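# What the coordinates show
Spelled out from the first residue to the last, the chains are:
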Amino acid sequence: MSGLETLAAQAVVGVARQAPVWPDTGGAVGDTLKQLIQQRTEPASALLGVAGVFAVCGAAGYRPPAGGNPPAVCPPESLGSAADPALAATLAILLAQGPERLQAEALRRLAKAGVRWPERLLPEALDLGRRSRALRPGLRPVLGQRGLWLAGRNPEWAYAVGSGGLELDISAWETGTTEQRAAYLGRCRATDPAQGRDLYLQALPELGAKERAALLMELAIGLGPDDEAALEAALKDRAKEVRIAAAALLVRLPDSAYARRMAERLESCLGQERKSLRQLWTLEPPEAFGPDWKADALEETPPKGEALGQRAWWLYQLTRNTPLAWWETRLELAAADVLEWGLKSEWRNALWRGWLDAAETSAAAPWLEAFLARKPPKGVHYDYRRFLRHLPPHACETLWLDIMARENAGAGLALACESLPLDGGTVSASFAQAALGRVADYLGRREATWDYRLRETLPQFACLIPPGLFEDIEATRPLERKDAHPSLNEAVARFHAVLEHRAFLHQHPPLASADP
């Protein structure tokens, strides 16, 4: 065990429980250690000091392994250099301070401009990629030949060598975990749906129930009519979760036999009545559970704790497993009007729950927007965050502003930052201005003092501001307030620092060319 490892073991035990045993190295280093231990009366402080001396000595005295073939010479660079002192200094700050979204933007702009990362910052950049998987795809194109050469010398940077793990690695499918196999199958489906389906079918005999269900859901990627036969077969699987997964996918094939069977069952529930010279649609749930329903992954008995009665439970399942377009076509109503019609029904909870599940499964944005614009019936609950990945940008921005008003500024901005991927671009100018206006008003209020999410999120939100607003925001400084808590002022200062760095990245000559 090295001296540093011995010290680490003592630190784990705790110097209060066991007095540290100091290493005796002798020589000049030993004299330095003795002097340091005498100066520091606290054992914990002395241990940290000795560890620091050991770490520096270890780095300075490192000797590469002797023998063997010398490494290949680094190939010549083909990318431009970011050696400009001001640019290199800014990149060094971003590397050390983040936030991650700003680091991703810097990498994107370097890559688009055909400029490589500064050589002296390559070890730190490679370490950043080691810690953040999300940054790896953006990092590799700007490492240059020197960065790739360095990555080949350190096993911890191996992620950057080759294709960075972006290629289809068959070992992930053959020996990986369920998550790794699902990821492999998903990427396979994205490039060749038929090949992915065949891969799944060939593996079926050796899969457990949970794995069959998890991998089956990957067929959602590139789902098409050619998958119907495999999904119909999965309806006969002995595992309930597989049958439910197959049904959820078949619903997304509006012309499938499954979708037609479900629509026919709902058709028998619909009726019409004349009221005030108008023909109105009515609905009555099934009176009995059909003999062939079980084969379509429908359950006769509600699960324990289910709030719906038996007939409502059947109606809920039929609604959940019927394409939403059927309702619009059959009732000749838009999604919003169908929801309003359902609210007037005695069976509103079963209908709304079924529509919610179907809308999320099929990523039906108009339906999801219609849900967000309405108050659900009493007893129906849903998490609007589940919808975000399916909603168009304008609907997401409306929701974020709504959350800022209903909850607090930090919650709305945090949701915006969480919803957008690192390469997701910026928010709209109108949303950015509206959000900053609300934050400016909010900062002077007492409750803002305890809004920890706002402190954390404000610098990240600066990464989502459209570049066209940089100048105006920096000129007006709308978030600066004398009556705000010091911690909030610190967050505002970080917000402006991020904006300044972003303005630099967009205006500096080599990177300005990254804009179309």
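Please refer to the structure placed before this passage.
In what follows, the accompanying structure is described. (Residues numbered from 1 in each chain as written. Predicted model: local features only at pLDDT ≥ 70, side-chain atom pairs only at ≥ 80, totals over all residues. Heavy atoms only, no water.)

### Some points on the pairing of strand β2 (residues 278–283)
When a strand is regular, its side chains alternate between the sheet's two faces. As judged from the 6 bridges shared by strand β1 (residues 270–275) and β2, these two strands associate in the antiparallel manner. The residue of β2 that forms the bridge with L270 is L283. (Pairing = 2+ DSSP bridges. Helix = DSSP H or I, 4+ residues; strand = E, 2+ residues; numbered from the N terminus.)

### Quick word on the packing of helix α2 (residues 27–39) against helix α3 (residues 43–60)
For the pair α2 and α3, the least separation of the axes is 9 Å and the interaxial angle reads 160°. Classified by the interaxial angle, the pair formed by α2 and α3 is roughly antiparallel. Crossing of α2 against α3: the hand is right-handed. Two secondary-structure elements touch here, α2 through V29, L33, L36 and I37 and α3 through A46, G49, V50, V53, F54 and C57. For the contact of α2 with α3, a count of residues per class yields 9 nonpolar, 1 polar and no charged. (Axes fitted to C-alpha atoms, helices over the stretch in contact; angles between N-to-C directions. Parallel < 35°, antiparallel > 145°, perpendicular 65-115°, else oblique. Left-handed = near helix turned anticlockwise from the far one by under 90°. Contact = heavy atoms within 4.5 Å. Nonpolar A, V, L, I, M, F, W, Y, C, P; charged D, E, K, R; others polar.)

### Looking at the side chain of S487
Residue position: S487 is located in helix α26 (residues 486–507). A distance of 3.2 Å separates polar atoms of two side chains, one belonging to S487 and the other to R455. (Polar contact = N/O pair within 3.5 Å; in protein donor to acceptor, adjacent residues only side chain to side chain.)

### Looking at the pattern of salt bridges
Counted by the stated rule, this structure contains 26 salt bridges. Of the charged contacts in the structure, one is a salt bridge between D296 and R261, with a shortest N-O distance of 2.7 Å. Taken as a pair, D296 in the loop between β2 and α16 (310–320) and R261 in helix α15 (residues 257–267) lie far apart in primary sequence, 35 residues in all. Of the residues examined, D296 reaches a relative accessible area of 3% and is grouped as buried. (Salt bridge = Lys/Arg side-chain N within 4 Å of Asp/Glu carboxyl O. Buried < 20%, exposed > 50% of the residue type's maximum accessible area, 1.4 Å probe, protein only.)

### Quick look at unusual backbone geometry
Leaving glycine aside, a negative phi is the common case for residues, and trans is the common case for peptide bonds. The peptide bond linking G98 to P99 adopts the cis configuration, its omega dihedral lying at 0°. Within the fold, P99 resides in the loop between α4 (85–97) and α5 (100–113). With a phi close to 45°, R477 is a non-glycine residue in the positive phi region. Note that R477 resides in the loop between α25 (470–476) and α26.

### Things to note about the packing of α15 against α16
Here α15 crosses α16 at 140°, and the two axes come no closer than 9 Å. In terms of axis orientation, α15 runs oblique to α16. With respect to the hand of their crossing, α15 and α16 are arranged in left-handed fashion. Touching M262, R265 and L266 of α15 are L315, Q317, L318 and T319, all from α16. Each residue belonging to the contact of α15 with α16 can be placed in one class, and the counts come to 4 nonpolar, 2 polar and 1 charged.

### Quick look at the nonpolar core
Core analysis: the largest hydrophobic core is formed by 141 residues, its most contacted members being L91, W117, L216, W327, W355, W367 and F461. W327 has contacts with L266, L283, T319, E332, V338, W341, L351, W355 and W367, leaving out every residue within four places of it along the chain. Residues L47, V50, A51 and V53 belong to the second largest nonpolar core, which totals 8 residues. (Core = buried A, V, L, I, M, F, W, Y, C linked by side-chain atoms within 4.5 Å.)

### Details of helix α8 (residues 144–151)
What sets the pattern is the α-helix's 3.6 residues per turn: residues three or four places apart point alike. Among the residues making up α8, those that are buried are G144, G147 and A151. The buried residues of α8 all sit within an arc of 40° when viewed along its axis, so they share a single face. Looking at the packing, one finds that the buried side of α8 touches α6 (122–131). (Arc of directions from axis to C-beta.)

### Points about the side chain of D237
Considering the arrangement of structural elements, one finds D237 in the loop between α13 (228–234) and α14 (240–251). The buried category is assigned to D237, whose relative accessible area is 14%. A polar contact of 2.8 Å, which involves the side chain of D237, links it to the side chain of R212. Of note is the side chain of D237, whose polar atom sits 2.7 Å from the backbone nitrogen of A239. With residues up to four places along the chain from it excluded, the contact list for D237 reads R212, V242 and R243.

### Let's talk about the environment of R274
Mapping R274 onto the fold places it in strand β1. The exposure class assigned to R274 is exposed, which follows from its relative accessible area of 56%. Put simply, R274 and A92 are 182 residues apart on the chain and 74 Å apart in space, counted from C-alpha to C-alpha. Among the polar contacts made by the side chain of R274, one reaches the side chain of Q279 at a distance of 3.3 Å.

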